[in-house]
Amino acid sequence: MSAATILVADDDRAIRTVLTQALARLGHEVRTTGNASTLWRWVADGQGDLIITDVVMPDENGLDLIPRIKKIRPDLRIIVMSAQNTLITAVKAAERGAFEYLPKPFDLKELVSVVERALNSNTPPAALPADAGEADEQLPLIGRSPAMQEIYRVLARLMGTDLTVTITGESGTGKELVARALHDYGKRRNGPFVAINMAAIPRELIESELFGHEKGAFTGATNRSTGRFEQAQGGTLFLDEIGDMPLEAQTRLLRVLQEGEYTTVGGRTPIKTDVRIVAATHRDLRTLIRQGLFREDLFYRLCVVPIRLPPLRERTEDVPLLVRHFLNQCSAQGLPVKSIDQPAMDRLKRYRWPGNVRELENLVRRLAALYSQEVIGLDVVEAELADTTPAAQPVEEPQGEGLSAAVERHLKDYFAAHKDGMPSNGLYDRVLREVERPLISLSLSATRGNQIKAAQLLGLNRNTLRKKIRDLDIQVVRGLK
Ligand SMILES: Nc1ncnc2c1ncn2[C@@H]1O[C@H](COP(=O)(O)OP(=O)(O)OP(=O)(O)O)[C@@H](O)[C@H]1O
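- Per UniProt, the protein chain goes by DNA-binding transcriptional regulator NtrC and derives from Azospirillum brasilense.
- The heading Function in the UniProt record of the protein chain holds the text "Member of the two-component regulatory system NtrB/NtrC, which controls expression of the nitrogen-regulated (ntr) genes in response to nitrogen limitation. Phosphorylated NtrC binds directly to DNA and stimulates the formation of open promoter-sigma54-RNA polymerase complexes."
- Per UniProt, the protein chain carries the Subcellular location text "Cytoplasm".

Put into structure tokens, the structure is as follows:
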């Protein structure tokens, strides 16, 4: 890296000193200022090869300066530092054409490597086109833990791209929220966001749901139907629970990702598609590959950029912020304003949150709705946590015949009913349906009717479980064992 002139603007003298020392050691000339107007004067005079600027300064917001700088010197690289640490700051910096966003406090080594990248890169990042509009100020994702800040940085970098992204993380960690943020703050924000959950759709219907079908393509296809790819044209298609996608549909999806076109079920004419794919799963795709349940070539196509959302227990510093956020939402919905005292908050930070943010959100809603006191104390929180935590007993085997005997019995009945000419397909799903009911009922009773815990026990997505409970007409009785 050849010597460059670096302009640093930050109202914190200590940061100016640290940056001057670190960058001068690399042979660069460093000029520092504590305000935005001096920085602007230098830039307008044609000085500097690179800018490092803070956001909050006494005279002007560093983010507001970026479009003005880009107007007169579009090639100048700008690195933004901020202690605000929200997705909006990261997104706004990227949206206005900053080279990189660094949350404070930052690691000096990292800053140096960003500076090197900025000075060596050939193409300056482009600001988003003005017609894309500005990101709205509402925070879509709450959390300031280092893990969440890293997510914001990745999201901000992905915003101007159409790269395929796969989000992994336990149930309730916010995968769908991240997928929506990618869309809402990305360059496709004016297009549709279409979501489909692979686990919630019968396997034999997935291809038709995704790609649409022609009239008469299969029994029951009385009309032509559009698929999610067509509905998401020009926008984003969110493939939730991608690990549950059947292999045949995977092959079809791979072809779309490779060739940018597809055919409907029963159709012949290739249809061009312009869709950004974001996938999510709580399952380990590498394990599914080893088990022969997921295509390795599709995995590499989908995981161009992997994002791993950490479980809430790995970022407990976000718990108070999330609690405040959900309490605010409750009071906005007309529930009385409440707060949580310190011992209760400490307990919430120590809890393991198997259902992650969703479980916390539900707990806060219950606290807001069911308790009359303004300040919630430890006793209430303990009682609520005890009520949703499954008893420590192991799950019982079904009484009587046991699951495998039940399967055998259903199979026998089935073969007896189809002695002369068994239908060629559907057996698997039908038998599965027969055993699903007792299995789900049992899991619900083992978790005292707690659907989050039951979903975890079964290794099912919570929405999938909810759908199955509805479809199979299972009565959920809370609190009974
Ligand atoms: N960082 C966050 N800030 C605010 N709300 C959050 C955050 N993460 C998750 N939530 C909330 O928690 C709930 C669960 O989030 P979401 O549905 O995105 O999780 P998920 O990982 O997709 O879950 P699943 O795998 O079960 O589908 C939602 O109501 C969402 O709004």
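Considering the overall build of the protein chain
- Counting secondary structure elements, the protein chain contains 20 helices and 14 strands.
- The buried share of the protein chain, taken over its 481 residues, is 34%.
- Put simply, of all contacts in the protein chain between residues at least 6 apart along the chain, 74% involve residues at least 24 apart.

A look at the nonpolar core
- Counting 87 residues, the largest nonpolar core has I79 and L155 as the members making the most contacts within it.
- Residue contacts for L155: discarding those within four places in its chain leaves L87, A90, A181 and L182.
- V323, A344, V357 and V364 belong to the second largest nonpolar core, which has 16 residues in total.

Some thoughts on unusual backbone geometry
- In this structure, P105 follows K104 across a cis peptide bond, with omega equal to 0°.
- Within the secondary structure layout, P105 lies in the loop between β5 (100–103) and α5 (108–120).
- Of note, the phi angle at E241 is positive, near 55°, even though the residue is not glycine.
- Structurally, E241 can be placed in the loop between β8 (236–240) and α10 (247–259).
- Among the residues examined, E241 registers 23 C-beta atoms within 10 Å and is labelled buried.

So, the site of the ligand
- Taken together, 19 residues form the shell around the ligand, and within it S171, G174, K175, E176 and V357 come nearest.
- Only α7 (175–184), α15 (356–370) and α20 (462–471) provide two or more residues apiece to the shell around the ligand.
- Grouping the amino acids of the shell around the ligand by side-chain chemistry returns four nonpolar, ten polar and five charged.

Description of the packing of helix α2 (residues 36–44) against helix α3 (residues 62–72)
- Close contact between α2 and α3 brings their axes to 11 Å; oriented N to C, the two are set at 10°. In terms of axis orientation, α2 runs roughly parallel to α3. Of the residues in α3, those in contact with A36, L39, W40, V43 and A44 of α2 are G62, L65, I69 and I72.
- Class assignment for the residues of the contact of α2 with α3 results in eight nonpolar, one polar and no charged.

Observations concerning the sheet that holds strand β1 (residues 5–9)
- In spatial order, the strands read β2-β1-β3-β4-β5; together these five strands make up an open sheet with parallel pairing. Each edge of the open sheet is held by one strand with a lone partner, namely β2 (29–33) and β5. Within the sheet, the average angular offset between the axes of one strand and its neighbour, ignoring direction, is 20°.
- In this sheet, strand β4 (residues 77–82) lies alongside strand β3 (residues 50–54) in parallel orientation, the contact comprising five bridges.

Considering helix α6 (residues 146–158)
- For α6, built from 13 residues, the straight-helix expectation of 18 Å at 1.5 Å per residue is met to within 8% by its first-to-last C-alpha distance of 18 Å.
- On its buried side, α6 packs onto α4 (87–95), β5, β6 (165–168), α7 and β12 (305–308).

Focus on the packing of helix α19 (residues 451–458) against α20
- Across the interface, α19 lies against α20 with an axial gap of 9 Å and an inter-helix angle of 105°. Here α19 lies roughly perpendicular to α20, going by the angle between them. Here Q451, I452, A454, A455 and L458 of α19 lie close against α20, whose contacting residues are R462, L465 and R466.

Some remarks on the sheet that holds strand β7 (residues 193–197)
- Across the sheet, which stays open at both edges, the five strands sit in the order β7-β8-β11-β6-β12 with parallel pairing between neighbours. Of all the strands in the sheet, just β7 and β12 have a single pairing partner and so form its edges. Neighbour-to-neighbour, the strand axes of the sheet open up by a mean angle of 20°, direction not taken into account.
- Bridge analysis of β6 against β12 gives four bridges, and the strand direction is parallel. Looking across to β12, one finds that T166 is bridged to P306.

Parameters at a glance
- Residues numbered from 1 in each chain as written.
- Predicted model: local features only at pLDDT ≥ 70, side-chain atom pairs only at ≥ 80, totals over all residues.
- UniProt positions renumbered as here; feature names shortened; annotations may be inferred.
- Helix = DSSP H or I, 4+ residues; strand = E, 2+ residues; numbered from the N terminus.
- Buried ≥ 20, exposed ≤ 12 C-beta atoms within 10 Å, placed from the backbone.
- Contact = placed C-beta atoms within 7 Å.
- Core = buried A, V, L, I, M, F, W, Y, C linked by C-beta atoms within 7 Å.
- Near = placed C-beta within 6 Å.
- Nonpolar A, V, L, I, M, F, W, Y, C, P; charged D, E, K, R; others polar.
- Axes fitted to C-alpha atoms, helices over the stretch in contact; angles between N-to-C directions.
- Parallel < 35°, antiparallel > 145°, perpendicular 65-115°, else oblique.
- Pairing = 2+ DSSP bridges.
- Expected span 1.5 Å × (residues − 1).

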